[in-house]
Each structure stands twice: as C-alpha cells, then as structure tokens.
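# What the coordinates show
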Amino acid sequence: MTTTQEKQDTLEQEISLGKNISIINLVDCLIEKAHKNRSSDIHIDPEARDIRVRFRIDGVLQEVYKFPKQIHGEIISRIKVLSKLRSDEHQATQDGRFRYIFPETNEFIDLRVSIAPTYHGENTMMRLLSDKAEQFNLENLGFSENNQKKIMTALKKTNGMILATGPTGSGKTTTLYTLIKMLNSPEVSIITIEDPIEYAIDAIKQIQVNGHKGLNFANGLRSILRQDPNIIMVGEIRDAETANIAVNTALTGHLLLSTLHTNDAATTLPRLLDMGIEEYLVASTVSIAIGQRLVRKICPHCKEKQKITPALKESLENTPLGKLMKNNHEFYKGKGCQKCNMSGYSGRLCINEVLVADEVIREAILRKASASEIKNLAISRGMTTMLEDGFHKVKTGDTTIEEILRVVHE
C-alpha cells in the first residue's frame, strides 16, 4: 500500500515536471498533508494564472502549493462530488460536507466545504473538523483555576445564560462544546441548534439550521422549547429576535449557552441592550460572559529562554502589557525545528476573561452603564482581564509576547 508520504512525494514530482496529475490523488494528498500538519482549514484560491493552496496552521495561513490554472475546474468538480454538491452550478455559493477515510489506518476526518464564485473562478474552503473536541476540558483549553471555578458555579445553575464571546476564530464553539460535554448526563435533556453542527455528540439532540427550509435560530429555538429540554445551546445569537427568545428561555427555567460577537466580556451586556433586550431581563438572565482569543503555543521541542530586546521593551513601554511586564526581562520563545515546521509554535490555547454577573454588575446593567464602567467594576470584583491572563501564560512559557500583541489589540 502506498503511504501518505510516498503519495505526496509523487504528487510534488508530477507537479514540478508538469505531468498530467491524478485529480483524485491530488485532493486526497491535500487533505492528508493538511491533517498531518495540524491544519484547521484548506484554502484553494484561484488567481489569474494559477491556483494558490494555503493551510491555516495554528490560526495562521501558510502557502503550501501553487497549481496550474488549467486543473482548477477538475479540483473543484472532485470536491463537489465528494460533498454531494451540484457540479453544474458555478455562479452560486454552495455548502456541503464529507468524510475522508485514511487508507493506511481506516481512521477518518470530517470536512466542511464552502464554495463561492469569485472573479477568477470558484473559491473553495475546506474546514477539517477534528475529533479533539472530545478530549478537551477547561484546564487544557487554557482556563485558570479561578476562572474554572466561576464557570463550574454557573454550570450548576438550572437557568440563566452562559455566553462565550469573541471574534470569529477565537474558539467560542469549542468552549461551548466542552461545557455541553461536561453537562451531558442521562438526567438532563440537552438540545442544540447550530449552523453548522461542528461535532456530533452522543446522547445530545443536535439541530442544523436550514435557511432554505425556513429553519433559523429564532424559530428553531421556539420549536426546541416544545421538546422539553433542560439545557439548550444556540450556536450564535445573531439578531434581536433570537436574543429576545434566548433571554426569555433562560428566564423560564432553562440553562442556555450561546456565543456572541463582541470584543470582550464586558461589552456583552451593553450589546444585548443594543439588540433591544430590556435591562431587567439582561440583569436577570446572564450568569457569566466568557471573553476569549486563541494564541499559538510555543513548540515544546525547541523552546528556549530569551531576553526581551530593548526595541520591543521600548515599544511596549506605554501599553498595558508594558505595565504588566515591569521588571520581567526573560521570557520563552521557540527557535524553530522540524517538529513545528520552523515556526516556533505548535498548537493553540485560549487567553480569556470570565465576567460574573453578580449584584454589583446587575445594578450597573439596570442603569445602562457603559462597557468600560462594567469592565472596571468586574476588575474590582476580581476579574482577570484577557491581557493579564495572556501575560501570565507568557511568564509560564506557554506563549510569546508577540502572540499576545497579535490577538489582543488594546
């Protein structure tokens, strides 16, 4: 049997020699190489003269191949066949998914596919849906012991809202799946409505949003309430209607978990008010808001101590991170090795903050306090900010100052 490495070597030779390429082997090799390199996404971008293939590794896109433009149509057709999409449709967006089985091991990985028409042809993005979500817990996600306690307290309640917040790609869905897995037991009924369903979880009823059939978050959530659930997960609160139903659901004896696009935990509460939710409802229902970002972890195989350069120290002097650093001059960095593809990083973890909506915070919500005032109140009540959490992970050698600066813009 031909190994993955042999297939990839053959493919690269064929490309370099300009030979006729087996499109089936090419797509298989892309998936296998992406999986081997711990990629979360494969981007196949058509350009004027060629096709650019990039992998997103630890959150950063890296170019891996350039293919001749003449095979673009065949690559897209192969992916459409695997995803059971219309191969004769070239001017509309299409979404699908398929399962790839590795021939050497019979293991598999699920891929979510998105195809969109662009000026130079159809653009394809494939997300590799890892089964690693099953292995996650709050500790290895990157939550401190103090923040774990806050989350565990909220999970013990039978009603209220737990919200994970942050931009796209900040790990919110993985956090929610981890919490749902912790709550999963025969004594409770858990129903989710998602777009899309990222991971299938045993003993949980998962509903996929379907815009073509009129099934969106809002009316899906209404239907869920007739299914006698104890715990509900809504993939994302996108609009005022969904927010209103979610808040009322949490008010009537259900524990509701969801995500919201905000910059930090404190902004979550004014954001709900902006969506037209009454102050007393927000104050009564939100239990905790988790703000988070994903940072790359230093590769353990090439990790070494490094003194901070005078130039970096000077550039950070008047920033919040500079104030935290004070007399810390030694940190860690990955110098780059074969294990991490010379990047110095391997894997990711989240830096986070957990805002608990206690009595003081609730009073601030009722008087429509600003996000900055709520944040200051939360800090005075013991909240560790994302920046502080990030700096702690820099000190312990989990990540670098550059990574914290890359993801936290303050």
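Since the model is a prediction, treat every value here as computed from it, not as a measurement.

### Some remarks on the side chain of Thr285
- For Thr285, the position within the fold is in helix α10 (residues 279-285).
- In this view, Thr285 contacts Gly160, Met161, Val247, Ala250 and Leu251; residues no more than four positions away in its chain are not counted.

### Examining unusual backbone geometry
- Residues Asp195 and Pro196 are joined by a peptide bond in cis, for which omega reads 0 degrees.
- Within the secondary structure, Pro196 sits in the loop between β8 (190-194) and β9 (205-208).
- Positive phi, normally seen in glycine, also occurs at Lys84, with a value near 60 degrees.
- Checked against the element boundaries, Lys84 lands in the loop between α3 (72-83) and β4 (94-101).

### Thoughts on the pairing of β8
- Extensive coverage of β8 is indicated by the burial of five of its five residues.
- With four bridges connecting them, β8 and strand β10 (residues 231-234) associate as parallel partners. Considered in β10, the bridge of Ile190 is made with Ile231.
- As defined by bridge partners, β8 adjoins β9 across four bridges and the pair is classed as parallel. Considered in β9, the bridge of Ile191 is made with Lys205.

### Quick notes on the domain arrangement of the protein chain
- Taken as a whole, the protein chain is organised into domain 1 (7-129) and domain 2 (138-409).
- If you look at the interface, domain 1 gives nine residues, while domain 2 gives 12 residues.
- Both faces considered, domain 1 and domain 2 share a buried interface measuring about 890 Å² in area, 39% of it formed by carbon and sulfur atoms.
- Contact with domain 2 buries area across many residues of domain 1, yet Arg38, Asp58 and Leu129 alone supply 46% of it, more than any other trio.

Calculation notes
Residues numbered from 1 in each chain as written. Predicted model: local features only at pLDDT ≥ 70, side-chain atom pairs only at ≥ 80, totals over all residues. Heavy atoms only, no water. Helix = DSSP H or I, 4+ residues; strand = E, 2+ residues; numbered from the N terminus. Contact = heavy atoms within 4.5 Å. Buried < 20%, exposed > 50% of the residue type's maximum accessible area, 1.4 Å probe, protein only. Pairing = 2+ DSSP bridges. Domains from an automatic or database assignment. Buried area = accessible area lost by both parts, 1.4 Å probe.

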